[in-house]
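Coordinates in review
Below, each chain spelled out in residue letters.
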Amino acid sequence: MSQLNEFPAYQFRLIRFCGVVEQPSLRNNVRCLFAFILLCSFGPLHVWYLAKTPVLDLVVTCEEIMLIQLCFVMLLKFNLFITYRSGMYNLVEAFKRILKCIDKAEFARFVKCSELHAKLLRAYVIGTSIVLLLYELNAIVASITLSLQQNKVCFVTPFSFPFDYQHPIVFALTFLHNFDAMLVTVCTSVTVDSCFSEMASNLTIHFDIVRERFEKLDLSAAQPYAEHQLRNVITYHREVLSLAQKMVQLYQQSAFYLLLLVSTILCLLGYEFVMVSNIYKRMQVAILASIMIGQAAIYTYHGSAISAKSVSVADAIYGTNWYDAPLAVKKLVYICLMRAQKPVIMKSGFIEASLPTLKKILSSSASYITMLMSLEADLNEKKT
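As a starting point, this report considers the structure included with it. (Residues numbered from 1 in each chain as written. Predicted model: local features only at pLDDT ≥ 70, side-chain atom pairs only at ≥ 80, totals over all residues. Heavy atoms only, no water.)

1. Topic: the side chain of Ser312
For clarity, the threshold we go by: Only DSSP runs of H or I covering at least 4 residues are called helices, and only runs of E covering at least 2 are called strands; the numbering of each starts at the N terminus. Contacts described as polar in this section are N or O atom pairs within 3.5 Å, which, within protein, must combine one atom able to donate a hydrogen with one able to accept it, while residues neighboring in sequence count only if both atoms come from side chains.
In this fold, Ser312 is placed in helix H7 (residues 279-318). Looking at Ser312, its side chain comes within polar contact range of the main-chain oxygen of Lys309, at 2.6 Å.

2. Brief notes about helix H5 (residues 168-216)
Filter applied, for reference: The span expected for a helix works out to 1.5 Å for each residue beyond the first. For every residue, the accessible area (1.4 Å probe, protein chains only) is compared with the maximum for its type, and the residue is labelled buried under 20%, exposed over 50%, or partly exposed between those bounds.
With 49 residues, H5 extends 72 Å from end C-alpha to end C-alpha; this agrees with the ideal 72 Å at 1.5 Å per step. Of all 49 residues in H5, 36 are buried; the element is thus mostly enclosed.

3. Side note on the pattern of salt bridges
Heads up, the condition is: By salt bridge we mean one thing: a side-chain nitrogen of Lys or Arg within 4 Å of a carboxyl oxygen of Asp or Glu.
One pass over the structure, following the stated rule, counts twelve salt bridges. The partner of Lys309 in a salt bridge is Asp208, and the shortest N-O contact between them spans 3.3 Å. Of this pair, Lys309 sits in helix H7 while Asp208 sits in helix H5, and the two are 101 residues apart along the sequence. One salt bridge connects Glu227 with Arg231, and the closest N-O pair in it is separated by 3.1 Å. Of this pair, Glu227 and Arg231 both sit in helix H6 (residues 226-275), four residues apart, which is roughly one turn of the helix. Look at Glu227 and you get partly exposed, because its relative accessible area is 31%. Relative accessible area serves as the criterion here: at 42%, Arg231 is assigned to the partly exposed category. Through salt bridges that share partners, Asp208, Arg211, Glu215 and Lys309 make up one connected network.

Here's what the structure looks like:
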């Protein structure tokens, strides 16, 4: 049987840029701490800048609020590799170990899944890199335009700061701060989201295999190995359920806050897209909004898929010829059926990661955009 040497896709290579490795050295720990402090510094800086911004400048206010929320989500994702680093690597190893229960004919599904996620990861990296480059390009174009208008050298950074950074050295440090923070954000977001997507896809495949194995069972009393075969499938099913529970516990916090905040983030991005006239800025906002929708779709789609696949096992169990089985086997089937009827739900607090939740997020975002547009009209009337 061939091996999945790339599970998850690219084996956390991107997050290594942030100093995150399974067995960190002193250099890795310093880099990881610096990356964490870098992300932590963004929120207070933007709050400070927002406090100095006039309330009537609604576009700038929306931009800053969106960045503060986005920064908070990134911090939670990065925290998976700070607080739960060993848990993340142990979960990956658990996914690799359970492949020992897979037959050669079934293994091809996992290889195909790995190849697909490698392509999706590359697409994700390209999309986030385009947003990063557009932020940098907008800053460069704005710097050149402002310098020509004022007949002196003026600097503009990708993100606004509450202090004066017009000195060349201060600008260089601020620009590097922005660029490194964006790289950390890209590497963290791509790694966490793509890893979840691949693990969730693997779980749905495992549930499919469990269902198929139950469907193939012959539990009649005439079969001498029926109980042994049933116990093997039950053991495999138990391991898959345990794996699903571990993954849900690890990701539920970051998924909860992502789904909680993504509607307002999309609302602010949508409003900004309508109000700005710069073509590069509009492109940047559109791609960023697409990425945020994609992130929400990853968690909600896989949440629904895992829930549906886990329940489908119960139908397969009930469809066996358990009525022809001995009493001891019937008891095993009954216990397994009771557990399989309880779906695996990715839920934290009051938010469930499911497709109906995604629908609510998109509809509420559209409502918020309409509200902001009406607020903009009211502010324009006050100005006049």
